[in-house]
Amino acid sequence: MPAVHHKLLLEDALQDSPQTRSLLSVFEEDAGMLTDYTNQLLQSMQRVFGAQSEMGLATEQLSQRLLEYEKKNFALGKGDEEVITTLQNFAKTVGELNSLHSELANQMADSMVFPLIQFREKDLTGSHTYIDKHFHEAAMVKYSRLPKKKENEKLKADMVKEVAYTRRKQHQASLQYYCALNALQYRKRVAMLEPMLGYTQAQISFFKKGIELVSKKMDNFLSSVSNMTQSIQAQLDSEAEAMRVCQRELLSVEDTVYMPDKDSEPVNRTLIQKAGYLNIRNKTGLVTTAWDRLYFFTQGGNLMCQPRGAVAGGMVLDLDNSSVMAVECEDRRYCFQITSPSGKTSMILQAESKKEYEEWICTVNNISRQIYLTDNPEAVAIRLNQTAIQAVTPITSFEKRQEGSPNPDRSGLSLVGAAPEPEDLIAPGTPIQFDIMLPASEFQDQNRAGGRRTNPFGETDDDCSTDSDDSLLQQVFAVRFLGSMAVRCGNNQEVIYEAMRQVLAARAIHNIFRTTESHLMVTSSSIRLIDPQTQVTRISFQLGEVCQFAAHQENGRLMGFVVESRDWSDGDEEGEPSFSTFVFESNTEGEKICYTINLAKDITEAKKDPEALAQLMKNMPLTNDGKFLLLEPETGDTTNGAGQEDLESEA
């Protein structure tokens, strides 16, 4: 018996995705072709019924129409092989009976013409019911325009009810439409076979001679056709009952299913694939914009978009190494922006709910890290998410770092005994600063007097002593500032490791991956952070204020140092000591920066004893101008600051 290989899934009626619409268009095209064919077939039967004098010509044309069913190539006709074979046999029989009399007209009207007319009027007409989606689309447009800043709860509740009402109505109409199209695949087979079965039986019963001629060879054939139609009808009844049960279950859900922004499931932050409808902002003029609701999905490392009516989607943006961030846009909620690595291409999208909004940001962020290229991307995404969660969860122990320390003498300052608790190192809830903003007044002070800028190497006319002190050691490193935060102590390297962990965890959780490249200058008297574009010192510390420094134990490109300052707000003459940790990511090993800071401190100590300074200079290689020779300059590729803005941290 023929089996149905394709049908519309009632579960997909509510989502109304492009894939479902594409499959629906196939069913509608098939129904349209079936309607045309049925009309042609009915015209042929009516010609047989009405034109007795043209019986031979009419039956010949009918025979041709029956043979054309195979040539129609219905997209959903893979289960019609037996129907095609049966129709071919009927066409042959009609050719043999085209000489019989037209007295069969009355029997033809009851057994041939009427069933096909009933099929056309009842089944084909009902399958052409149009689903009006205008009201739902209009409701979604009004809901998407709800303001965020001036939120009216009554207006929002009315909009939510309107969206739910129109969505439910559309869902009900879609379910009925899908059921009609699915049932049509069964009914069309019966409708094609039943008229011809009645026609042949009428011919045999009316003409004794015809029965004598053809009944012996047709009995088994007609019996098989009758059994086939009964079997198909049984399948239709079973499928119709299953669809009714499924329809009742789908309509018995709570109203929250139809309401936007009512997601009960938690946000999945480990996705590497995502699909759904988003609003995209398009410029329609110099200052005017328009929002379009389109279907977006990810495929590999690409963001794809499939417009309405399109067979397939097209690539919109390459997500590899791209950045994504939440933005405020035109007083709309749940907006985020995706920017290409070059920064030349960006787009602003709006999600329907907070859950979709967060999952889209996490998905794009995971894809931008090229997790999908790994052997097991799901496991990698889950591991990264767990790492980010654990990063903000206090831990009870730290790995001690004794070997390879750039300042082994100072490592003795570490606490002895049990490992310190995170709360002993950094107060819970301590804010983190992710960037160093230079005050406007300080910028003007450094750039006044004819626009002359402070030289990063300390060559100024006003401070000759500083120039003399810094002449012994000057080393510049290309770094990216990751963050700084207040800490409770400055005599333990563990406080640097804990600060690194919290800074990186906060950046991962809040999707902050963009950093600005700067130059870290280490001299024999100070540490400066210099803007490579303006050569303005963004922040400076005296070397004596740096009480602890260390590189990361596993990621050698991370380093940090602790700075001690004094707080005289309590009236104490000496001031209450306070500590802050600064975390950087460098283009080279953090050990080199720590080694340079350690050497600078040694030079500072040696300056107190000329003999010790001379011995130190004797043991260390010097340049031609008498400075300590440490490393090759590593800022040669980064002096053009304009090309190095807003890099993405690899930490």
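Keep in mind that what you see is a predicted model, and the values were worked out from it rather than measured. (Residues numbered from 1 in each chain as written. Predicted model: local features only at pLDDT ≥ 70, side-chain atom pairs only at ≥ 80, totals over all residues. Heavy atoms only, no water.)

### A few points about the overall build of the protein
Part 1 of the reasoning: Across its full length, the protein carries 15 helices and 16 strands.
Part 2 of the reasoning: Each of the 651 residues in the protein was classed as buried or not, and the buried ones make up 45%.
Part 3 of the reasoning: Nonlocal contacts in the protein, meaning residues at least 24 apart in sequence, comprise 70% of its contacts between residues at least 6 apart.
Part 4 of the reasoning: With an accessible surface of roughly 33,300 Å², the protein has 50% of that area assigned to carbon and sulfur atoms. (Helix = DSSP H or I, 4+ residues; strand = E, 2+ residues; numbered from the N terminus. Buried < 20%, exposed > 50% of the residue type's maximum accessible area, 1.4 Å probe, protein only. Contact = heavy atoms within 4.5 Å. Areas by Shrake-Rupley, 256 points an atom, 1.4 Å probe, with all protein chains shown as cover.)

### As for the state of the cysteines
Part 1 of the reasoning: Under the criterion given, the structure shown has zero disulfides.
Part 2 of the reasoning: With no disulfide of its own, cysteine 329 has cysteine 335 as its nearest cysteine by sulfur position, at a separation of 5.1 Å.
Part 3 of the reasoning: Accessibility expressed as a relative area gives 4% for cysteine 329, which makes it buried.
Part 4 of the reasoning: The thiol of cysteine 547 is not disulfide-bonded; the next cysteine sulfur, from cysteine 489, is found 8.8 Å away. (Disulfide = S-S within 2.5 Å.)

### Description of the packing of helix 1 (residues 18-50) against helix 2 (residues 55-71)
Part 1 of the reasoning: Running from N to C, helix 1 and helix 2 cross one another at 160°; their axes reach a closest spacing of 8 Å. Looking at the two axes, helix 1 sits roughly antiparallel to helix 2. Of the two possible hands of crossing, helix 1 and helix 2 adopt the one that is left-handed. Between helix 1, through Tyr37, Gln40, Leu41, Ser44, Met45, Arg47 and Val48, and helix 2, the contact on the second element is made entirely by Met55, Leu57, Ala58, Thr59, Gln61, Leu62, Arg65, Leu66, Glu68 and Tyr69.
Part 2 of the reasoning: For the contact of helix 1 with helix 2, the per-class residue count stands at ten nonpolar, four polar and three charged. (Axes fitted to C-alpha atoms, helices over the stretch in contact; angles between N-to-C directions. Parallel < 35°, antiparallel > 145°, perpendicular 65-115°, else oblique. Left-handed = near helix turned anticlockwise from the far one by under 90°. Nonpolar A, V, L, I, M, F, W, Y, C, P; charged D, E, K, R; others polar.)

### Quick notes on the pattern of salt bridges
Part 1 of the reasoning: Summed over the entire model, instances satisfying the criterion amount to 18 salt bridges.
Part 2 of the reasoning: The shortest N-O distance in the salt bridge between arginine 480 and glutamate 585 comes to 3.5 Å. With arginine 480 in strand 8 (residues 474-487) and glutamate 585 in strand 15 (residues 576-586), this residue pair connects regions lying 105 residues apart in the sequence. This pair shows no difference in class: arginine 480 is buried, exactly as glutamate 585 is. (Salt bridge = Lys/Arg side-chain N within 4 Å of Asp/Glu carboxyl O.)

### A closer look at the packing of helix 1 against helix 6 (residues 153-206)
Part 1 of the reasoning: At a minimum axis distance of 11 Å, the contact between helix 1 and helix 6 shows a crossing angle of 25°. Taken together, helix 1 and helix 6 sit at an angle that is classed as roughly parallel. With respect to the hand of their crossing, helix 1 and helix 6 are arranged in left-handed fashion. Residue-level inspection shows Thr20, Leu24, Phe27, Glu28, Asp30, Ala31, Leu34, Tyr37, Thr38, Leu41, Met45 and Val48 of helix 1 in contact with helix 6, the latter providing Tyr177, Tyr178, Leu181, Asn182, Leu184, Gln185, Lys188, Met192, Pro195, Met196 and Tyr199.
Part 2 of the reasoning: Split into classes, the residues belonging to the contact of helix 1 with helix 6 amount to 16 nonpolar, four polar and three charged.

### A few points about the sheet that holds strand 4 (residues 314-318)
Part 1 of the reasoning: What the seven strands build is an open sheet, ordered 4-3-2-1-7-6-5; its pairing is antiparallel. Edge strands, defined here as strands with exactly one partner in the open sheet, are strand 4 and strand 5 (323-326). Each adjacent strand pair in this sheet contributes to an overall mean axis angle of 40°, direction not counted.
Part 2 of the reasoning: With nine bridges connecting them, strand 1 (residues 275-283) and strand 2 (residues 289-299) associate as antiparallel partners. Along strand 2, the bridge assignment pairs alanine 275 with phenylalanine 297. (Pairing = 2+ DSSP bridges.)

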